[in-house]
Amino acid sequence: MAPEANTIISTEGKYTLRYVPGEHVNTAARLVFVGITPGQNQITELYKALRTALLAGRSDDEALRLAKATGAFAGKVMRDRMTAMIRRFRIHEIISATEPEDIWDAGLKLLHATSVVPHAAFKDGKMFNGPFAEVLKSRLLRECFEQDFLSTLPALAADARFIAIGPTPQDALRWCVENRKLSGSQVLGAFAHPSGSAGSQVSYFIGKKALDEFHPGDPVLKRVPWLNRERDKLDSAVKQILGAG
């Protein structure tokens, strides 16, 4: 049985929340990636790394730190696509990293990875993938957002830069700015979601695939207006910080 199988925190109608050992907060982080909720691959890697660290005699706090460093956007496809976007938009330069790959160093010293709903949220048995408005309407999801995401923001550096991974985290960060939980200057914008199930939207987002290369029925085409808008916003934000060079 998977270690997370019996870790239900609570349920509310069609929603279920399962504990994920990702509560470590990297207070020294210069960059913060915000997803919707931990995915299954991330959950598996977090538990695997946590078990390994505890069996090696690490303290609970150290085990949680190591688990987070291993599980954050885990998987070669996910991290390769994240790295490609970091390179394309020069995000590493904003936080004074030499190369994009430096963000994934062994200790994740530069990065804090988190989610709008930091514990694993499910809707009707499937990983939650709804809009931020739905998070706010659900007592269970909103409490997790408030207690496990909002509560961590004061611990992060005032000049940490935030990037949303997709539209739902983007709306959550906008809410945070509107409600004075973050300053507008901290939020750089949004990345396309890098999961393998997201098709070639990252390739389009970073300019590696042209619009006329898509098959007419490709679902990525529905996301093109959002992708175009967010690419332009990121370019503008980065140019303002780094200059035109």
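Presented here is an overview of the structure given in this document.

**With respect to the sheet that holds strand S3 (residues 31-35)**
Link 1 in the chain: Strand order in the open sheet made by the 4 strands is S4-S3-S7-S8, with parallel pairing throughout. Of all the strands in the sheet, the pair left with one neighbour each is strand S4 (111-115) and strand S8 (187-191). Across the sheet, the axes of successive neighbouring strands diverge by a mean angle of 20°, strand direction being ignored.
Link 2 in the chain: Bridge count for S3 against S4 is 5 bridges, and the pairing is parallel. Its bridge partner being in S4, Leu31 is matched across the sheet by Leu111.
Link 3 in the chain: Sheet strands touched by helix H9 (residues 224-242): strand S7 (161-165) and S8. Its angle to S8, the strand with the most contacts, is close to 145°.

**Topic: the layout of surface pockets**
Link 1 in the chain: Each pocket or cavity is described by its volume, and for the largest pocket that value is around 840 Å³.
Link 2 in the chain: Surrounding the largest pocket, 34 residues form its lining, Ile36, Asn129, Ile165, His193 and Ser195 being those nearest its centre.
Link 3 in the chain: Going through the elements one at a time, helix H1 (40-55), S4 and helix H7 (167-178) are the ones with two or more residues in the lining of the largest pocket.
Link 4 in the chain: Top contributing element to the lining of the largest pocket by residue count: H7, with 4 residues.

**Let's talk about the nonpolar core**
Link 1 in the chain: Among the nonpolar cores identified, the biggest contains 64 residues, and Phe33, Ile91, Phe145, Phe162 and Phe191 are the most heavily contacted of them.
Link 2 in the chain: Within the second largest apolar cluster, 12 residues are counted, among which are Val20, Ile43, Leu46 and Ala67.

**Description of the pairing of strand S1 (residues 8-12)**
Link 1 in the chain: One ladder, built from 4 bridges, connects S1 with strand S2 (residues 15-18); its direction is antiparallel. Bridging across to S2, Thr11 finds its partner in Thr16.

**Topic: the packing of aromatic side chains**
Think of a pair of aromatic rings as described by two things: how far the centres are apart, and how the planes are tilted against each other in angle.
Link 1 in the chain: Counted by the stated rule, this structure contains 11 aromatic pairs.
Link 2 in the chain: Members of the aromatic cluster, each reached through a chain of ring pairs, are Phe33, Phe73, Phe89, Trp104, Phe191 and Phe205.
Link 3 in the chain: Of note, Arg88 hangs over the ring of Phe89, and the distance from its end group to the ring centre comes to 4.4 Å.
Link 4 in the chain: We note Arg231 situated over the ring of Tyr204; from NZ or CZ to the ring centre the distance is 4.9 Å.

**Structural notes on the packing of H1 against helix H2 (residues 60-71)**
A pair of packed helices is characterised by two quantities: the angle between their axes and the separation of those axes.
Link 1 in the chain: With their axes 8 Å apart at the nearest point, H1 and H2 run at an angle of 145° to one another. Regarding H1 and H2, the two cross each other, and that crossing is right-handed. From H1, Gln42, Glu45, Leu46, Ala49, Leu50, Ala53 and Leu54 reach across to H2, where they touch Asp60, Ala63, Leu64, Leu66, Ala67, Lys68, Thr70 and Gly71.
Link 2 in the chain: Taken together, the residues of the contact of H1 with H2 break down into 9 nonpolar, 3 polar and 3 charged.

**Topic: the pattern of salt bridges**
Link 1 in the chain: Per the counting criterion, the structure on display carries 14 salt bridges.
Link 2 in the chain: Between Arg87 and Glu99 there is a salt bridge, and its shortest N-O distance comes to 3.7 Å. Of this pair, Arg87 sits in helix H3 (residues 76-88) while Glu99 sits in the loop between helix H4 (91-94) and S4, placing them 12 residues apart in sequence.
Link 3 in the chain: By relative accessible area, which is 41% here, Arg87 ends up partly exposed.
Link 4 in the chain: The partly exposed category is assigned to Glu99, whose relative accessible area is 36%.
Link 5 in the chain: A salt bridge links Glu93 to Arg90, with the nearest nitrogen and oxygen atoms 3.0 Å apart.
Link 6 in the chain: Classification of Glu93 by relative accessible area gives partly exposed; the value is 35%.
Link 7 in the chain: If you follow the salt bridges from partner to partner, you end up with Arg58, Glu62 and Arg65 in one network.

**Details of H2**
Link 1 in the chain: Given a rise of 1.5 Å per residue, 12 residues ought to cover 16 Å, and the 16 Å separating the end C-alpha atoms of H2 matches this to within 8%.
Link 2 in the chain: Listed in full, the buried residues belonging to H2 are Ala63, Leu64, Ala67, Lys68, Ala69 and Gly71.
Link 3 in the chain: Summarising the contacts, the buried residues of H2 are in contact with H1, H3 and S4.

Analysis parameters
- Residue positions within a chain follow its written sequence, with the count starting from 1.
- Local features in a predicted model are, by the rule used here, given only for residues with pLDDT of at least 70; side-chain atom pairs are given and counted only at 80 or more, and totals for whole chains, interfaces and linings are based on all residues.
- As a convention, hydrogens and water are excluded, and side-chain values are obtained from all of the structure's heavy atoms.
- Two strands pair if DSSP finds at least two bridges between them.
- To qualify as a helix, a DSSP run of H or I must reach at least 4 residues; to qualify as a strand, a run of E must reach at least 2; elements of each kind are numbered from the N terminus.
- Under this scheme, a helix contributes an axis fitted over its contacting stretch, all axes are lines through C-alpha atoms, and angles between N-to-C directions fall in the 0 to 180 degree range.
- A contact between two residues is defined here by any heavy atoms of the two lying within 4.5 Å.
- Both site types are read off a 1 Å grid over the protein atoms alone. A 1.4 Å probe that fits but cannot get out defines a cavity, while an open set with protein on both sides within 12 Å along at least five of seven lines defines a pocket; lining residues have an atom within 4 Å of a point.
- Grid points are joined across faces, edges and corners, and a volume is the space filled by probe spheres set on the points.
- In this text, buried Ala, Val, Leu, Ile, Met, Phe, Trp, Tyr and Cys residues form a nonpolar core when linked through side-chain atoms within 4.5 Å.
- Buried residues are those whose accessible area, probed at 1.4 Å on protein chains only, stays under 20% of the maximum for their type, while exposed residues exceed 50% and partly exposed ones sit between those limits.
- Any pair of Phe, Tyr and Trp rings, taking the six-membered ring for Trp, is counted once the centres come within 6.5 Å. Such a pair is stacked with planes under 30 degrees apart, edge-to-face with planes over 60 apart, and tilted for the rest.
- In this analysis the charged atom, NZ for Lys or CZ for Arg, is taken to sit over a ring once it is within 6 Å of the ring centre and within 35 degrees of the ring normal.
- Each crossing gets its hand from how the near helix is turned against the far one by less than a right angle, where anticlockwise is left-handed and clockwise is right-handed.
- Basically, the charged four are Asp, Glu, Lys and Arg, the nonpolar ten are Ala, Val, Leu, Ile, Met, Phe, Trp, Tyr, Cys and Pro, and anything else, Gly included, counts as polar.
- By salt bridge we mean one thing: a side-chain nitrogen of Lys or Arg within 4 Å of a carboxyl oxygen of Asp or Glu.
- What a helix should span is 1.5 Å times the count of its residues minus one.

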